Structure formats: structure tokens, C-alpha cells
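Coordinates in review
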Amino acid sequence: MYHARSYKSCVALFLIFLFLLSTYNFVKIRKSWTLLTAPKSNLTAAGSITPLQDNKTLIMSAYYDDRESNNVRIVAILNVDKVKELYCWFFCEFRKGYIPVRAQIDVPSDQFGFPYSAAIVLCKDPQLCFSHHISIHSTSTGDIDGIQVFEIKNREPRSFSANFTVCISTMFGNSSNVLQFVQAIEMYRILGAQKVVIYKNSCSRAIGRAVDYYVSEGVVEVVPWPIDRYLRTSDAWHHDMDPKNEIGYYGQVAALNDCLYRNMYKTKYLTFNDIDEIILPRIHTDWNEMMETLQKEHPDKSVFLIENHYYPIHLTDHTFDNAFPKDVPGRNILQYIYYEPEQPNVYNNHKMIVNPRKVIQTSVHFSLKAYGGNLDVANHIAGLHHSREAKQPNLPFTSLIRDTTLWKYNVTLIRNVNRVLKNLS
């Protein structure tokens, strides 16, 4: 009996000691905080682009990232010369107040000379804060009433809803190339994509109808991308080509990074490409089969670079001229079976298939930061079918390389495209 009471007393004293220790640590942590009272009105950011009060920073979204430690990464666009300091204000659920944390601003190395660039704003998640919302501000003090609040996404990773998701670089302009658009979406589906994400700035009415159709089918997700409301945008890739504007290619690097984090826990693989580009497996049936083989042979790789090939649109083969209705506007990709050889000593752009959980930051043609290594996928395994104006217009026809890889999908592609065109008619 004596021993039992003694044991219980020891246990009780030990539990009291643990409680006091945790309370001491908690108070110690709190002393290092500056707790700001919650504002009277929080406005949750509803759009995909939100300007800050400094008029030099645009915020896309905030994403929790515990791959290195408890961090929150905010995808942003900012003036790289004028924005040098930002603070993440974490809203602490248990105290109903904000804790400001100074951010690390990570600007990609390839801003291409424009004054505005995509950036990752990185902040350490405060201990014992339990925050699900965050605000971004240029200072750690000041009036925070009415400031925009962003949900911290990816707090709870979910199971995959797709094996492959395609991230399309920003859609802008007024093209009416409906046939090629539908062909591209149907090729992605044939090759294994369950979802296509389009960051849409503008398009023609005809393309808009096709986009709306695929949204209703659950194939396309549209992220509105009204970047030209806030910045002078360019369709050139370098500032020297268009010096009057503030950001290139309608902010596509920011869109791609947002697509990366948005789908990090939704899809096994992500592909980054434009709507006139298709990653074509040469010896495998589809992307699933190809990536299963590549990943098994290269388990340490997380970024798979696909060699780009230009298929000049002025050179057409007429085998499938009558496969689609003549009144549908746009190009027929089945006509493009000749591509230009690589130019010696000229960098050949790639497009990528990536494991999004291993990539930290991406550009258009390569990843900027990743946990795994890169793999240059051999041309006999896969190539990028990129139909566009000739890159080397003076090449003789005999120098071009004939490639009918696309034709192995012709029966399924023609049937599926015509079904969609009938629904759109």
C-alpha cells in the first residue's frame, strides 16, 4: 500500500513538472512574439492575383511546405529593385491575433531583365500559433484593419486525384485556333492526363467556348489571370525586346510556380508546356508507361527534361486533310510530321515532367530548385512536338527529320476530337 501511494505521488509530481516546463517554454516563446490584435474586418482574398498596399507586390497564394521545416511559401510577383523587405502576418487561432515574421524573398535567377519578376516569399511558421490564414505586409507594425487575408493551402495533404496534370503557361491574345486547342487537350487525355490547368488572361470567343466545354466536362480548371490590370505586360521573353513593359510573357513563371504548389498533393506528376506543345512518348504507349520505366531506372531523379523540336507549320502532310470538318478554324497537328534538327552551339529549350513534391521552384524550361536530380530524356524515348513558325526558315527540306510518332494515336484522336467538335457546333 505504501509503495502504491509513493508511486502515484511520484507520477503526479512528474506530471506537474512537465506541465510547468511546457508552460515556461510556452511563455518563453510568447515573449519573442509581437502579438498584434486581430483587425475588426478580415477580407479573404478572392482573386488569383491580389495587389498589396505598396503597389509593388502582387500575391498569388500561400502554401504550407514542411519538406525542410515548417515553412509557408507565398507565390508572388514583385518589383525586384524596390521591394526588399516583406513580413508574413500569421493569424494565430488560439489567441485571435497576428504574429509578424520577417520573410525571405527568393527571386529566380531568370527574370529576363524585366523590372517585375516572379518570387517565392518564404516565412517560418511560428510555433504554437496554429495558423490557417496569413497576410503579407511591407512592415511588422501599423494599421492592419481591413488587410487582405490568404488561406494557407496544403496544410492537410490529400490523396492523388490524378496521375498527370498539365500546367499550361498563361493564355493570352485572341487566337481562334480551335482545332489545335481541342487536339492538344485530347492528346493530353490519351497520354494520361486527368486534369489541365489553364491560367487564362484572354482568348477569342471561339477558344472560350472550347475552354468552357472542357470545364463543364471536369477536364480543364481555369485560374483567372488578370495580370494586365496591375502591370504592363509583354508577350516577349526578354525586356530588351519590349523595354516599355514591366513583365514578360504575362507573368508565366509566377503562374507555373502557383500551378506547382496548387497541385503538389493532387497529382503524381506535373507537366509544364504550352498549348501548341505535346510531349510524345516514342517507344511507350503513354506517359504512365514511360514514367514508370524512367522512374524505375532513375529513382533519384525528379525532373525529366524533354527535348524540344520545332515542326514548321508551313510544311504540311496531306494524309489526314479530311479527318476534321473544314469549317473549324485552326491547324491540324496531324499534318506536321517534319521537324528541324538542332542547331549546333544553340541552347535547345526543354519542357518538363516533374514530381511536384520534389520541386521547390521552377522556371519555364527547367527547374530552379529541386530535391532530386534532372534527367535529360533521350530523344528516342520522348520528344516535344512543338508546331509553330519555322525557327530555321532557310533550311532545305532534305535537312528536316520525318517523324510520324503522332500518327500512332490518329484513330483515337480523330474520333475524340470530332466528338468534341460536334458538341461545340
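Definitions and cut-offs
- Here the residue index of a chain counts from 1 through its sequence in written order.
- At least 70 in pLDDT is required for a residue's local features to be given in this predicted model, at least 80 for side-chain atom pairs to be given and counted, and no such filter applies to totals for whole chains, interfaces and linings, which use all residues.
- Note that water and hydrogens are dropped before the side-chain values are worked out from all heavy atoms of the structure.
- UniProt positions are given in the numbering used here, feature names are shortened, and annotations may be inferred rather than shown by experiment.
- Where helices and strands are cited, they refer to DSSP runs of H or I of at least four residues and of E of at least two residues respectively, numbered from the N terminus.
- Buried means the residue's accessible area, taken with a 1.4 Å probe over protein chains only, is under 20% of the maximum for its type, while exposed means over 50%, and partly exposed covers the values in between.
- When checking whether two residues touch, look at their non-hydrogen atoms; a contact exists if any pair is within 4.5 Å.
- Note on areas: these come from Shrake-Rupley sampling with a 1.4 Å probe, and a residue is covered only by the protein chains present in the view.
- Residues belong to a common nonpolar core when they are buried Ala, Val, Leu, Ile, Met, Phe, Trp, Tyr or Cys residues joined through side-chain atoms within 4.5 Å.
- Any cysteine sulfur atom paired with another within 2.5 Å is treated as part of a disulfide.
- Every axis corresponds to a line fitted to the C-alpha atoms, with the helix fit spanning only the stretch in contact, and the corresponding angles, defined between N-to-C directions, vary from 0 to 180 degrees.
- Each angle is binned into one of four classes, with values under 35 degrees roughly parallel, values over 145 roughly antiparallel, values of 65 to 115 roughly perpendicular, and all other values oblique.
- In this scheme, a crossing is called left-handed if the near helix is turned counterclockwise away from the far one by less than a right angle; it is called right-handed if the turn is clockwise.
- Centre distance within 6.5 Å is the pairing criterion for rings of Phe, Tyr and Trp, where only the six-membered ring of Trp is used; planes under 30 degrees apart are then read as stacked, over 60 as edge-to-face, and the remainder as tilted.
- We treat two strands as partners when DSSP finds at least two bridges between them.

Per an unreviewed UniProt entry, the protein carries the name Glycosyltransferase family 92 protein and comes from Xenopus tropicalis. For the record of the protein, the UniProt heading Sequence similarities (unreviewed entry) holds the text "Belongs to the glycosyltransferase 92 family." Check the Subcellular location (unreviewed entry) section of the UniProt entry for the protein; it says "Membrane".

**A few points about the overall build of the protein**
For the protein, the count of helices and strands is six helices and 26 strands. Here the protein holds 425 residues, and the buried ones make up 52% of them. In the protein, the proportion of contacts linking residues at least 24 apart, taken out of those at least 6 apart, comes to 77%. Per element, the accessible surface of the protein, about 20,300 Å² overall, is 52% carbon and sulfur.

**Looking at the nonpolar core**
Of all hydrophobic cores here, the largest spans 57 residues; its most connected members are Phe 181, Val 182, Met 187, Tyr 188, Tyr 214, Trp 287 and Met 290. With nine residues, helix H2 (residues 178–191) is the largest single contributor of residues to this core. Aside from chain neighbours lying at most four places away, what touches Tyr 214 is Phe 181, Val 182, Ile 185, Glu 186, Arg 189, Val 219, Val 220 and Val 420. Residues Val 75, Val 253, Met 264 and Ile 360 belong to the second largest nonpolar core, which totals 36 residues.

**What to know about the state of the cysteines**
Evaluation of the coordinates by the stated rule reveals three disulfides. The disulfide that involves Cys 88 links it to Cys 123, with 2.0 Å between the sulfurs. Handedness here is read from the sign of the S-S torsion; for Cys 88 and Cys 123, about 85 degrees, the answer is right-handed. Of this pair, Cys 88 sits in strand S6 (residues 87–92) while Cys 123 sits in strand S9 (residues 116–124), and the two are 35 residues apart along the sequence. You can call Cys 123 buried: its relative accessible area is 1%. Between Cys 92 and Cys 129 runs a disulfide, and the two sulfur atoms are separated by 2.1 Å. On the S-S bond that ties Cys 92 to Cys 129, the torsion sits near -100 degrees, and the link is left-handed. Of this pair, Cys 92 sits in strand S6 while Cys 129 sits in the loop between S9 and strand S10 (131–137), and the two are 37 residues apart along the sequence. Residue classification places Cys 92 among the buried positions, given a relative accessible area of 0%. Among the cysteines of the protein that take part in disulfides, numbered as they appear in the sequence, the pairing is 1-3, 2-4, 5-6.

**Quick notes on the packing of H2 against helix H6 (residues 410–424)**
The N-to-C vectors of H2 and H6 enclose an angle of 130 degrees; their axes lie 9 Å apart at closest approach. The angle between H2 and H6 places the two elements in the oblique class. When you trace H2 past H6, the crossing you get is right-handed. Here Leu 179, Val 182, Gln 183, Glu 186, Met 187, Arg 189 and Ile 190 of H2 lie close against H6, whose contacting residues are Thr 412, Leu 413, Asn 416, Val 417, Arg 419, Val 420, Leu 421 and Leu 424.

**Some points on the packing of aromatic side chains**
By convention here, two paired aromatic rings are described through the distance between centres and the angle between planes. For the structure shown, the criterion picks out 14 aromatic pairs. An angle of 55 degrees between the planes, with centres 6.4 Å apart, marks the rings of Trp 89 and Tyr 98 as tilted. Each member of the pair Trp 89 and Tyr 98 is classed as buried. Ring centres 5.3 Å apart and planes at 55 degrees place the aromatic pair Tyr 311 and Tyr 339 in the tilted group. Linking Tyr 311 in strand S19 (residues 301–312) with Tyr 339 in strand S20 (residues 338–339), this pair joins segments that are 28 residues apart in sequence.

**What about the pairing of strand S18 (residues 277–281)?**
Within S18, five of the five residues are buried, which leaves the element mostly enclosed by the surrounding structure. Bridge count for S18 against strand S25 (residues 382–388) is five bridges, and the pairing is antiparallel. Bridge pairing links Pro 281 to Ala 382 in S25.

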